[in-house]
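Given next are the chains, with one letter for each unit.
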Amino acid sequence: MKIEVDKNGFYGKFGGAYIPEMLYPNIEELKEKYLGIIEDEDFKKKFSELLRDYVGRPTPLYFAARLSEKYKAKIYLKREDLCHTGAHKVNNTIGQILLAQKLGKKRIIAETGAGQHGVATATVCALMGMECTVYMGEVDMERQKPNVERMKLLGATVVPATSGSKTLKDATNEAMRQWINNPVDTHYIIGSVVGPHPYPEMVARFQSVISEEIKIQLKEKEGRENPDIVIACVGGGSNAAGAFYHYYNSPDVRLVAAEAAGLGISSGKSAATTVLGKLGILHGSRTLLMQTEDGQVVEPHSISAGLDYPGIGPVHAHLFDVGRGEFVAVEDKDAMKAGVELSKLEGIIPAIESAHAIHALNQIKYGPDDVIVINLSGRGDKDLETYIKWGEY
Amino acid sequence: MMKTSRIDHLFKDKQENILAIYFTAGYPELEDTVPVMEAIEEGGADIIEVGMPFSDPVADGPTIQESNKIALDNGMSLKKLFEQLAKMRETVTLPVILMGYLNPIIQYGVEEFCKKCQEVGVDGLILPDLPMQQYLEEYKDIFSQYGLKNTFLISPQTSEERIKAIDQNSDGFIYMVSSHSITGAKSGISEEQERYFERVAELGIQNPRLIGFGISDHESFGKASKHAHGAIIGSAFIKVLNNADRANLKRDIGNFIKGIKNGEYDYTSKA
Ligand SMILES: Cc1ncc(COP(=O)(O)O)c(C=O)c1O
């Protein structure tokens, strides 16, 4: 079965665009124009120049010798943590701001959880001289103070989302409301492969540079483009979608997605959507969703704010549904241990989101000759306080 | 055979100044749903829209969001709602429309939901996150099997071509969102909005039109009614419920509705 989006924005039974009519013209405009714009030679040139000169791409594919020795496999790290702003998120915001300019938009809005996407959005807005407003749950603003200040320093306005649980999903609700209120001059830069079609596919395409580079780099190092296994963490799923993209339809490559199990699958404090979720509709997309029996969305929990989302992108729901992806649920404490371990073994302090992907090594089977690429989606600077609180290092 | 629906009857008998009132089920208190409906009818409104609360109401402003949250905290659910509505037709004769988001309905089971609606006497649905295409492909047949009319929204951004397509696929009324906004975001009606109402009025569409979002008092109701068949009031009514004297809930509701219709109401003291 080929993994691809159909013309209505569905991956199998997941996806679509379940949006209020007020947003229909915006979504329709994007749907009709985005492919033409992003496949235009001029756009591609600008995009790749900025990725090279501003973001610092290609990011290295680093052979992690000591990690490999410990886990008895050939392990490579795709160093998205070395991107400008500290995570893969900027690949998408560069693409979308260029798109917004082509669409003639004057203002940018975005939602953010951990603040990484907010920072990446504020950054490209500063770069392009565009007005930027970022919606962030009140609770997350408290948890991620340095990123709030970074956004402000970059000239963005940060607006607290005070409804519901005051975290990422509420920030997303608020951004959508503001888009409804300002449909003409504003572009909404969604930060993951979620939301109504065409966002999931568009964001995945901007992030697909990750697997595009892995192919070239692995060919140089191993003489083959395809690893045996690619591992990435999944919040909404944008870094995973980018790392998997050019391997979706290569059945010899195992795609492993690490979800956040929080305090444990059955603890009531988890964000492992493929285990705990049921088919539902949130933020314009039909996907797996953590919810009550009555269909109310529940508040997820993860120690990493970036994985703290009650759904997953429709493409991942589909990969799960058809058995193309292997999903593992990594608990808070195991992610923290893996973060500390990588710091000591390789001198790389990972974002706690990315540490989930590292720990997945303990939860899957593989052989000593297997080539494994782990997408290291971000660096741990933003998480220092969480590491300090954790204390066990 | 279905008897002619209450919605059809209403629009046949009355072509102007139709007043629809929205409130959230289970708000302010869990068991207020049916008493509030009765008071809306006694007060002289024409349509009752019952909001099915949802954790993530993206098309709604702060007032309705807050009422959704309180209703959910009160224990409201679709199961509970249908229990409450089971006997509503003993006291409520107006058309009743359920308004809300798709996810709770999917969990309840779409067909089971429609069946229950028919059983208790619900006439129609407004589901802001159900777009026309998905409606046609997946929902239309089930809705009509259970005699439920689906109402679509249009906004100032909606193209003429799409308004016509929506008109063709509607058989109750069309909900005109007064400005590009979420509920309760703006109040009052500007000249620009009036031009939009006129533009749509001149399209010659077959379904009646009700204008909603931002209608809050006698004046805005009057302006909206001038360009359409009537209007829908939500957030302003929720505020009335919020501030009402509990012992006199029905009286306060009645006074508000009369005020909308005849202008004799002091909005500043209650809303
Ligand atoms: C470093 C890092 N990795 C992963 C994520 C999760 O997002 P996604 O699943 O879209 O890659 C985030 C989100 O903030 C992040 O900052």
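Look up: the structure comes first, before these words.
Residues numbered from 1 in each chain as written. Chains lettered and ligands numbered in written order. Predicted model: local features only at pLDDT ≥ 70, side-chain atom pairs only at ≥ 80, totals over all residues. Heavy atoms only, no water.

Honestly, the interface of chain B and chain A in this entry has me stumped. Any pointers?
Much of the literature gives interface size as the accessible area that the parts lose upon coming together. At the interface, 37 residues of chain B touch 37 residues of chain A. Summed over both sides, the interface between chain B and chain A buries roughly 2,900 Å², with carbon and sulfur atoms accounting for 53% of that surface. Considering only the surface of chain B that becomes buried against chain A, D56, V58 and Q107 of chain B emerge as the three largest contributors, covering 19% of it. Here E21 of chain A ties to R162 of chain B by a salt bridge, and the two come within 2.5 Å at their closest N and O atoms. Applying the counting criterion to the chain B and chain A interface returns 17 residue pairs in polar contact (both at pLDDT 80 or more). For the side of chain B that touches chain A, the secondary-structure elements that each account for two or more residues are α3 (62-73), α5 (102-108), α7 (132-145), β6 (153-154) and α8 (160-168) of chain B. Here the element with the most residues in the side of chain B that touches chain A is α5 of chain B; it accounts for five residues. The residue inventory of the side of chain B that touches chain A, partitioned by class, reads 18 nonpolar, twelve polar and seven charged. (Contact = heavy atoms within 4.5 Å. Buried area = accessible area lost by both parts, 1.4 Å probe. Salt bridge = Lys/Arg side-chain N within 4 Å of Asp/Glu carboxyl O. Polar contact = N/O pair within 3.5 Å; in protein donor to acceptor, adjacent residues only side chain to side chain. Helix = DSSP H or I, 4+ residues; strand = E, 2+ residues; numbered from the N terminus. Nonpolar A, V, L, I, M, F, W, Y, C, P; charged D, E, K, R; others polar.)

So what exactly am I meant to see when it comes to empty space enclosed by the protein here?
To find leftover empty space, a probe the size of one water molecule is rolled over the atoms. Residue and element names in this part refer to chain A. Under the criterion given, the structure shown has six cavities of 30 Å³ or more. Its volume calculated, the largest cavity comes out at about 370 Å³. Around the largest cavity, the lining is made up of 30 residues, and of these K89, G191, S192, G236 and G306 lie nearest the centre. Looking at the lining of the largest cavity, the elements that each hand over two or more residues are β5 (107-112), α5 (116-128), α8 (168-181), α11 (238-244) and α15 (352-359). By residue class, the composition of the lining of the largest cavity is eight nonpolar, 18 polar and four charged. (1 Å grid on protein atoms, 1.4 Å probe; cavity = no way out; pocket = protein on both sides within 12 Å on 5 of 7 lines; lining within 4 Å. Points joined across faces, edges and corners; volume = space filled by probe spheres on them.)

Would you mind going over the site of the ligand with me for this structure?
Residues and elements named next belong to chain A. Taken together, 19 residues lie near the ligand, and S192, G235, G237, S238 and S377 sit nearest. Take S192: an N or O atom from its side chain is 2.5 Å from an oxygen atom of the ligand. The separation between an oxygen atom of the ligand and a polar main-chain atom of G235 is 2.7 Å. For the ligand, the accessible surface in isolation is 390 Å², of which the surrounding protein chains cover 97%. A molecule is said to occupy a pocket when more than half its atoms come within 2 Å of that pocket's grid points, and by this definition the ligand occupies the largest cavity. (Near = heavy atom within 4 Å. Areas by Shrake-Rupley, 256 points an atom, 1.4 Å probe, with all protein chains shown as cover. Sits in = over half its atoms within 2 Å of the grid points.)

Hey, could you run me through α7 of chain B in this one?
Each full turn of the α-helix corresponds to 3.6 residues, which orients residues three or four apart in the same direction. All names here are of chain B. Y139 marks the point of greatest bend in α7, at about 65 degrees. What α7 keeps buried is the set M132, Q134, Y135, Y139, I142 and F143. G147 lies just past α7 and shows a positive phi near 65 degrees. (Bend = angle between axes of the 7 residues up to and from the residue. Buried < 20%, exposed > 50% of the residue type's maximum accessible area, 1.4 Å probe, protein only.)

Would you mind showing me how to read the sheet that holds strand β7 (residues 174-177) of chain B here?
Two strands in a sheet stick together by hydrogen bonds in their backbones, pointing the same way (parallel) or opposite ways (antiparallel). All names here are of chain B. Ordered in space as β5-β4-β3-β2-β1-β9-β8-β7-β6, the nine strands form an open sheet in which the pairing is parallel. The open sheet is flanked by β5 (149-151) and β6, the only strands paired with a single partner. Pairing geometry for strand β2 (residues 47-52) and strand β3 (residues 96-100), over five bridges, is parallel. Across the sheet, residue V50 finds its bridge partner in β3, namely L98. (Pairing = 2+ DSSP bridges.)

What should I look at first to understand a nonpolar patch on the surface in this one?
All names here are of chain A. Together, L384, I388 and Y393 make up an exposed nonpolar region whose accessible area comes to about 340 Å². Looking at the element boundaries, L384 is found in helix α16 (residues 384-390). Using a relative accessible area of 46% as the deciding quantity, one classes L384 as partly exposed. (Patch = residues over 30% accessible without salt bridge, like charges linked within 9 Å, V, L, I, M, F, W, Y side chains within 5 Å.)

How should the nonpolar core be read in this particular structure?
Across soluble globular proteins, nonpolar side chains have a tendency to be buried as a group. F244 of chain A together with F23, I40, L98, F113, F143 and F237 of chain B are the most contacted members of the largest nonpolar core, which totals 191 residues. When sequence neighbours within four positions are dropped, the list of residues in contact with I40 of chain B reads I21, F23, A45, I48, F237, I253 and I257 of chain B. In this structure, C233, A258, I358 and I372 of chain A belong to the second largest nonpolar core, which totals 30 residues. (Core = buried A, V, L, I, M, F, W, Y, C linked by side-chain atoms within 4.5 Å.)

Which parts of the structure should I look at to understand helix α9 (residues 191-201) of chain B?
Residues and elements named next belong to chain B. Taken as a whole, α9 has its buried residues at Q193, E194, Y196, F197 and V200. The buried side chains of α9 occupy one side of the element, clustering within an arc of 155 degrees when seen end-on. Across α9 from its buried face, at more than 90 degrees, point the exposed residues E191, E192 and R195. (Arc of directions from axis to C-beta.)

Can you help me understand the pairing of strand β6 (residues 131-137) of chain A in this one?
Looking along a regular strand, one sees the side chains alternate between the two faces of the sheet. Residues and elements named next belong to chain A. Among the seven residues that make up β6, six are buried, leaving the element largely enclosed by the rest of the structure. Looking at chain direction, β5 and β6 are connected through six bridges and run parallel. Along β6, the bridge assignment pairs R107 with E131. Note that the unit made of β5, α5 and β6 has a crossover that is right-handed. As judged from the five bridges shared by β6 and strand β7 (residues 157-161), these two strands associate in the parallel manner. Residue V134 lies in a different strand from β7, and its bridge partner there is V158. (Right-handed = clockwise from strand over helix to strand, strands pointing away.)

Sorry if this is basic, but what is going on with the pattern of salt bridges here?
If the charged atoms of two oppositely charged side chains come close together, the side chains can form a pair. Across all of its chains, the model carries 50 salt bridges over all chains by this definition. Notably, a salt bridge pairs E331 of chain A with K333 of chain A, separated by 3.0 Å at the nearest N-O pair. Under the relative-accessibility criterion, E331 of chain A is labelled partly exposed at 26%. We note a salt bridge from E29 of chain B to R246 of chain B, for which the minimum N-O separation is 3.7 Å. Of this pair, E29 of chain B sits in the loop between β1 (18-24) and α2 (33-43) while R246 of chain B sits in the loop between α11 (235-243) and α12 (249-262), and the two are 217 residues apart along the sequence.

How should the packing of aromatic side chains be read in this particular structure?
Both the distance between ring centres and the angle between the ring planes are used here to describe each pair of aromatic rings. Residue and element names in this part refer to chain A. This model, assessed by the stated rule, comprises 21 aromatic pairs over all chains. Measuring from centroid to centroid gives 5.8 Å for W179 and Y188, while their planes differ by 70 degrees, and the two rings are edge-to-face. On the basis of relative accessible area, W179 is assigned to the buried category, the value being 3%. The exposure class assigned to Y188 is buried, which follows from its relative accessible area of 0%. (Phe/Tyr/Trp six-rings, centres within 6.5 Å; stacked < 30°, edge-to-face > 60°.)

Would you mind showing me how to read unusual backbone geometry here?
For residues besides glycine, phi is generally negative; the peptide bonds are generally trans as well. Here the amide bond leading from R57 of chain A into P58 of chain A is cis, since omega sits at 0 degrees, within 30 degrees of zero. You can see P58 of chain A is positioned in the loop between α2 (41-55) and β3 (61-63). Residue P28 of chain B is bonded to the preceding Y27 of chain B through a cis peptide linkage, with omega at 0 degrees. Mapped onto the fold, P28 of chain B is located in the loop between β1 and α2. Residues other than glycine seldom take positive phi values, yet F213 of chain B does so here, at roughly 75 degrees. Relative to the helices and strands, F213 of chain B is located in the loop between β8 (209-212) and α10 (218-227).

Whenever I open this one, the sheet that holds β6 of chain A confuses me. Can you help?
Residues and elements named next belong to chain A. Ordered in space as β7-β6-β5-β8, the four strands form an open sheet in which the pairing is parallel. With partners counted over all chains shown, the strands left at the sheet margins are β7 and β8 (186-189), one partner each. The mean inter-strand angle of the sheet, taken between neighbouring strand axes irrespective of direction, is 25 degrees. On top of the sheet, helix α4 (residues 89-102) reaches β5 and β8; it is set at about 165 degrees to β8, its chief contact. (Axes fitted to C-alpha atoms, helices over the stretch in contact; angles between N-to-C directions.)

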